[in-house]
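# Structural characterization, general
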Amino acid sequence: KMAGDRNGHADDDEGETVLSSSTAGNEAGKPVEQHPPVWMVHAALVLAQVIFGGGSVVGKLGIDKFNPILFAFIREGSAGPILCIFAYLKDRVLPNPKHIWWFFWTGLFIFSNQLCFIVGIKLSNAVVGSAWQPSQAVMVTAIAIAIGREKATSFKILGILLAFGGAAFIVFYGAHMKAGSAELAGNILYFFNCLGTALYVICAKPIMKHYPSMSVTGWSYIMASVMMAVACLAANNISPVYNFICDDCPPGSKWHVPMNAVYALLYWILLTSVGAYLLMTWGNKYADASLVLAYTPLQPATSAIVSAILIAAGFKGKLREPGLNILGVIGIFIGLAFVVYDNRKTQNVRIYSVLMMLA
């Protein structure tokens, strides 16, 4: 949750980013919420990215001969109510009408993130989609520094650039993308997918001053599901768009859900949409925005490992076996080590969020 500018500016004057161990309870007369153990914050962020990485492969298999936007609509339309029910039972909090506009923006960024990703993996490679994810850390750090919510350090910038360089090697080494190709369109969508995630992380921080993380995620999903319904209706009624994103779909199957998609939907609804986003949103309360996304290098590693295992077991489908480009994972993990080291060095082994209100 957001702390006031008082704590953030005072600590910045001392030359390091230090965060309070409380959340919304910083104000006088309110109870102080204790900061969770460091290992717990790290574990939540790691597990979220591993789930996302596995989801790339599961999603690629699940959308075979299936409309990817319909897949995304069912996912969000199911996950949103589940999250909101859990959030209400736990916290008994409903959105204040004056904050609806803020949930609109967080919902918009989740919508763009998930629409671009699911259509991207339909058109491109699942491992390539995961390899794009470390660029989220580059984007979120640039945005956070630009608005004064984080301080740039040499280790943080170098680590994120190394991770992004490793991911770029995975994407472009040996690639043959032509203008107008599905592969090129998929990579363009991956860019906007990552930008959407970065903006969600930045935009969700201030609203956590007023609501628990589960409520923020749930109501953002509700907004995103409405937008996805509109996108699904539009795509299904514009033949050139539908034929491009679903060229393997049988005739008359625009609203049909094949059996192979059921397990993928269960994974994405319960683990990716509910579990991973809750873990990431909760970690966002206590960690710098860049650290929340610094673990994204685990996504391509997870996707590559799962893909290799499934292909070796003979369960290939439309999966592609990783080639020499997977060596980019080395740069990814070196970059991750730099970022984690910087946070330990500058914050005395404490995961501590900047928690400054957006101006």
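Below you will find a few notes about this structure. Numbering of residues starts from 1 in every chain and runs along the sequence as written. Predicted model: local features are reported for residues with pLDDT of at least 70 only, side-chain atom pairs are reported and counted for 80 or more only, and whole-chain, interface and lining totals are derived from all residues. Values shown for side chains rest on all heavy atoms present in the structure; no hydrogens or waters enter the calculation.

To get an axis, a line is fitted to the C-alpha atoms, and for a helix only the part in contact is used. The angle between two axes follows their N-to-C directions and goes from 0 to 180 degrees. For helices the rule is a DSSP run of H or I covering at least 4 residues; for strands it is a run of E covering at least 2, with both sets numbered from the N terminus onward. Between helix α3 (residues 68–91) and helix α9 (residues 213–237), the shortest axis-to-axis distance is 7 Å and the interhelical angle comes to 155 degrees. In terms of orientation, α3 and α9 fall into the roughly antiparallel class. Where α3 crosses over α9, the handedness of that crossing is left-handed. Counted by class, the contact of α3 with α9 contains 20 nonpolar, six polar and four charged residues. Roughly parallel refers to an angle under 35 degrees, roughly antiparallel to one over 145, roughly perpendicular to one between 65 and 115, and oblique to any angle outside these ranges. Left-handed is the label given to a crossing in which the near helix is rotated counterclockwise from the far helix by less than a right angle, and right-handed is the label when the rotation is clockwise. Three categories are distinguished: nonpolar for Ala, Val, Leu, Ile, Met, Phe, Trp, Tyr, Cys and Pro, charged for Asp, Glu, Lys and Arg, and polar for the others, with Gly belonging to the last.

Before going further, it helps to spend a moment on the state of the cysteines. What counts as a disulfide here is a pair of cysteine sulfur atoms lying within 2.5 Å. Considering all chains together, one arrives at one disulfide under this definition. With a sulfur-sulfur separation of 1.4 Å, C246 is cross-linked through a disulfide to C249. Only protein chains enter the area calculation, which uses a 1.4 Å probe; residues under 20% of their type maximum are buried, those over 50% are exposed, and those in between are partly exposed. Residue classification places C246 among the buried positions, given a relative accessible area of 3%. When its relative accessible area of 13% is taken as the criterion, C249 is described as buried. A disulfide-free cysteine, C116 has its sulfur positioned 9.7 Å from the sulfur of C194, the nearest such atom. A relative accessible area of 11% means that C116 is categorised as buried.

Now for the packing of helix α6 (residues 135–146) against helix α8 (residues 182–207). The contact between α6 and α8 brings their axes to 8 Å, and the two run at 45 degrees. As far as their axial angle goes, α8 and α6 are oblique. Taken as a pair, α6 and α8 cross one another with a handedness that is right-handed. Mapping the contact onto sequence places S135, Q136, M139, V140, I143 and A144 in α6 and F191, C194, L195, T197, A198, L199, V201 and I202 in α8. In this analysis, two residues are considered to be in contact whenever any of their non-hydrogen atoms come within 4.5 Å of each other.

What follows covers the nonpolar core. Nonpolar side chains in soluble globular proteins tend to be buried together. Judged by nonpolar contacts, the single largest core of 64 residues is most densely connected at I69, F71, I118 and Y200. Among the secondary structure elements, those contributing two or more residues to this core are α2 (38–62), α3, α4 (100–123), α6, α8, α9, α10 (239–245) and α11 (260–286). The residues contacting F71, other than those within four sequence positions of it, are I63, F66, I118, A261, A264, L265 and W268. Put simply, a nonpolar core is a bunch of buried Ala, Val, Leu, Ile, Met, Phe, Trp, Tyr and Cys residues held in one set by side-chain atoms that sit within 4.5 Å of each other. By size, the runner-up hydrophobic cluster in this structure holds seven residues, among which are V41, L45, A287 and L336.

Tracing the backbone through its elements, the reader meets T106 in helix α4. Engagement of the side chain of T106 in a polar contact is seen with the backbone oxygen of F103, the distance being 3.1 Å. Apart from the residues lying within four places of it in its own chain, the contact partners of T106 are Y200, C203, A204 and S220. Distance and chemistry together define a polar contact, namely a pair of N or O atoms within 3.5 Å, with one atom able to donate a hydrogen and the other to accept it when in protein, and with adjacent residues in sequence counting only for side-chain atoms on both sides.

Our next topic: the environment of V329. With respect to the helices and strands, V329 occurs in helix α14 (residues 328–346). Owing to a relative accessible area of 14%, V329 belongs among the buried residues under this scheme. Those residues in contact with V329, other than ones at most four positions away along the chain, are I170 and A301.

In this section: the environment of P258. Turning to its location among the elements, P258 is positioned in the loop between α10 and α11. What makes P258 buried here is its relative accessible area of 11%. Excluding residues within four positions of it along the chain, P258 makes contact with K65 and F66.

Another point: a nonpolar patch on the surface. The patches reported here contain residues having more than 30% relative accessible area and no salt bridge. Joining distances are 9 Å for like charges and 5 Å for nonpolar side chains (Val, Leu, Ile, Met, Phe, Trp, Tyr). Throughout, the Shrake-Rupley method with a 1.4 Å probe supplies accessible areas, and for residues the shown protein chains are the sole cover considered. Whenever Lys or Arg places a side-chain nitrogen within 4 Å of a carboxyl oxygen from Asp or Glu, that contact is recorded as a salt bridge. Where nonpolar side chains cluster on the molecular surface, the patch consists of L158, L162, F169, Y173, L324, L327, I330 and I334 and spans about 740 Å² of accessible area. Elements supplying a minimum of two residues to the nonpolar patch: α7 (154–172) and α14. When residues in the nonpolar patch are grouped by element, the largest group, three residues, is from α7. Its location among the elements puts I334 in helix α14. For I334, a relative accessible area of 41% puts it in the partly exposed group.

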